[in-house]
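Listed below, chain by chain, are the residues.
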Amino acid sequence: MAAFEQFFRLMGIDSINLSKSEILILEADLFIRICEELKEIFRKKYKNYFHLMKFTIEKENHMLETNFVRFILEDILSTGEYTPEGIALYADTHEDIVNEIAAGINIKPLATFQRKIIELHRSVRRDLYMAIGKKISTHYLPAV
């Protein structure tokens with residue numbers, strides 16, 4: 001099953017009737033929307049910090065973009081379901097890379113690593129992703 005199949009079903013999209021290129025375009029669009037929703041969740045989480053530091057919206061956006069994967073890693077680790085070793089095994093990478101990203105040393109991980117981390121995050125925070133999926137679906141399925 002495609003990684004985004006549950007989102008397709010949630011939105012009432014029958015992917016069987018789509019070409020491979022249409023599915024790839026839809027998956028890319030969904031990936032971007034999911035990332036944007038996650039950034040907004042992190043923006044709310046760090047609202048007080050942004051206010052204290054008197055960040056402009058541009059500075060907030062930069063911090064969220066720069067630390068995006070780090071925030072996801074922190075959230076995964078906070079669930080207690082995975083250790084850095086387990087995340088590294090899942091992402092097929094070395095544990096040092098996971099630790100560097102979690103510490104903010106490596107702020108530009110590979111796209112393949114980012115996607116794996118988001119997949120893992122989705123597995124440990126299913127309720128969050130269902131809420132995101134429902135919110136995104138309103139953009140695809142306007143009120144009748």
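Right above here is the structure, for reference.
In this report, we go over the structure that sits alongside the text. Values in this document were obtained by computation on a predicted structure and should not be read as measured data. (Residues numbered from 1 in each chain as written. Predicted model: local features only at pLDDT ≥ 70, side-chain atom pairs only at ≥ 80, totals over all residues. Heavy atoms only, no water.)

Focus on the overall build of the chain
Applied cut-off: Per the convention used, a helix needs a DSSP run of H or I reaching at least four residues, while a strand needs a run of E reaching at least two, with both numbered from the N terminus. Categorising residues by exposure relies on relative accessible area from a 1.4 Å probe, with only protein chains included: less than 20% of the type maximum marks a residue as buried, more than 50% marks it as exposed, and the intermediate range marks it as partly exposed. In what follows, residue pairs with any heavy atoms lying within 4.5 Å of each other are defined as contacts. Per-residue and other accessible areas were derived by the Shrake-Rupley procedure at a 1.4 Å probe size, with only the shown protein chains allowed to occlude residues. Charge counting follows a simple rule: Lys and Arg are positive, Asp and Glu are negative, and His as well as the terminal groups are ignored. Where a charge lies is defined by one atom per residue type, namely NZ (Lys), CZ (Arg), CG (Asp) and CD (Glu).
Of the regular secondary structure elements, the chain holds nine helices and zero strands. For the chain, the succession of helices and strands along the chain, N to C, is α-α-α-α-α-α-α-α-α. Structurally, the chain occupies a C-alpha span of about 45 × 35 × 25 Å along its principal axes. By the burial criterion, 33% of the 144 residues in the chain qualify as buried. When contacts within the chain are restricted to residue pairs at least 6 apart in sequence, long-range pairs at least 24 apart make up 64% of them. In the structure as shown, the chain presents an accessible area of about 9100 Å², 58% of it carried by carbon and sulfur atoms. Taking the average location of the 19 positive side-chain charges in the chain and that of its 21 negative ones, the two points are 6 Å from each other.

Structural notes on the nonpolar core
Among soluble globular proteins, nonpolar side chains are generally buried collectively. So the rule is basically this: Buried Ala, Val, Leu, Ile, Met, Phe, Trp, Tyr and Cys residues that are joined via side-chain atoms within 4.5 Å together make up what is termed a nonpolar core.
Counting residues in hydrophobic clusters, the biggest one holds 32 residues, and the most contacted among them are L38, F42, F68, I72 and I117. Looking at this core, the elements that each hand over two or more residues are α2 (20–45), α4 (57–66), α5 (68–79), α6 (84–91), α7 (95–102), α8 (111–124) and α9 (126–140).

A word on the side chain of D75
Structurally, the position occupied by D75 is in helix α5. Residue classification places D75 among the buried residues on the basis of a relative accessible area of 13%. D75 has contacts with H121 and R125, leaving out every residue within four places of it along the chain.

Observations concerning the environment of I117
By the secondary structure assignment, I117 is in helix α8. Spatially, the C-alpha atoms of I117 and A91 are 6.8 Å apart, while their sequence positions differ by 26 residues. The residues touching I117, leaving out its near neighbours within four places in the chain, are V69, I72, L73, I76, I87 and A91.

Spatial relationships are all this shows, so hold off on functional conclusions.
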